[in-house]
Amino acid sequence: MNLLALDPAGLGPVEAAMPPDDSAVRRPPVPLTTAEQALANIVSPVTWSQFLSDYLGRRPLHVSGEADCFASLADPAAVRELIEAGVPWQFRRMPEMYLDGYRVPHEDLVDTYTDMDGREARRPRLRRIRRLLEKGATVNAFGQESHFPGLAAMRRVFSEAFHAECEVATFYSQQGHQGLAPHYDCVDIFVLQLHGHKRWFVSSQRVDSPVVGHGGPTQYDDQASHTDIVLEPGDLLYFPRGTFHQAVALSEQSLHATIAVKRPTYLDMLMALGQTAAESDRIRHDLPLAHARAPRDTKDQLLDRLREALDQPGFDEAFERLLTLRSGH
Ligand SMILES: [Fe+2]
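Residues numbered from 1 in each chain as written. Predicted model: local features only at pLDDT ≥ 70, side-chain atom pairs only at ≥ 80, totals over all residues.

Enquirer: Help me understand unusual backbone geometry in this model?
Expert: Note the cis peptide between S44 and P45, where omega equals 15°. Counting through the fold element by element, P45 comes out in the loop between α1 (34–43) and α2 (48–55). Even without glycine at this site, D100 takes up a positive phi of about 50°. Within the secondary structure layout, D100 lies in the loop between β4 (96–99) and β5 (102–104). Using a count of 14 C-beta atoms within 10 Å as the deciding quantity, one classes D100 as partly exposed. (Helix = DSSP H or I, 4+ residues; strand = E, 2+ residues; numbered from the N terminus. Buried ≥ 20, exposed ≤ 12 C-beta atoms within 10 Å, placed from the backbone.)

Here it is, written out as structure tokens:
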């Protein structure tokens, strides 16, 4: 395997970091779970602990893998057949279609109607979809795990290893055509190149810890330095949330899967606290009359009460429930 670690400044490839020197602190190694071991194999020769300490949430990583290691997850002919039949438009989350950086609006691709039971239903516009495909469009489809069980297994592995909500998407794209315009995502992205070749531009420009609706938007800076990577079948590309990127297919057809990992944040803890804080009579208590004159004291009292609420088992249960719901465990 060839390893290419990406320079955080985006100034080009640099040698992979050496395994961390743990001679100062000798601790017995904690055995990896099955899911962690599966991901350790994917990021190898970077070790799992090195990936967690040096890359996760910090900087991009490109690993060249064996050409056939992801090939069985899905194949481009089957994916194209499903797209031409309109199947991805039946899923809860509709697919996205792009042509050279332009996102085709959903209403151009589906007709909505009321079915016999009075429910809203949708019917994909197959001729329009096929015409766009002939022009070289990219299709980013969700929910394809039901057709490709290997993708479902991969999603479970990521979800267990990161204890986080994960979503798998397939990207079918065609030679010489760019899919999405330069953008960043609010989740960490793992790209698995299944078939064909794709050229990626990973920018040094990064938005700090964005979540949907907060922490952005930020204009793309096309003058920022970037790393130029050609993904081949079996390659992995990782980049943290907030990293600007764009890609163009180099082969007649390119198929990659992304595993988007929505890692828990402090904001999530705050939301879980919001769900449980109202159970505390100390938090439902009236503010002191003097709160307007001494807001600092009142804030300190609130912090004391929030700390108490954080220590309640109800909070731990609410937070665990939030993560479990989102990760689909
Ligand atoms: Fe993206």
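Having seen it, we continue.
Enquirer: What is the right way to look at the nonpolar core in this model?
Expert: Nonpolar side chains in soluble globular proteins tend to be buried together. One finds F158, L236, A257 and I259 to be the most contacted residues of the largest nonpolar core, which totals 54 residues. At six residues, helix α5 (residues 149–162) tops the list of elements feeding residues into this core. Those residues in contact with F158 that sit more than four places away from it in its chain are C166, F190, I259 and V261. (Core = buried A, V, L, I, M, F, W, Y, C linked by C-beta atoms within 7 Å. Contact = placed C-beta atoms within 7 Å.)

Enquirer: Whenever I open this one, the sheet that holds strand β12 (residues 226–231) confuses me. Can you help?
Expert: Backbone-to-backbone hydrogen bonds pair the strands of a sheet. The strands run either parallel or antiparallel. Here three strands make up an open sheet; going across it, the order is β12-β11-β14 and the pairing antiparallel. Each edge of the sheet is formed by a strand with only one pairing partner; in this case those strands are β12 and β14 (243–249). Within the sheet, the average angular offset between the axes of one strand and its neighbour, ignoring direction, is 20°. With six bridges connecting them, strand β11 (residues 198–206) and β12 associate as antiparallel partners. Paired with W200 across the two strands is I229, which belongs to β12. (Pairing = 2+ DSSP bridges. Axes fitted to C-alpha atoms, helices over the stretch in contact; angles between N-to-C directions.)

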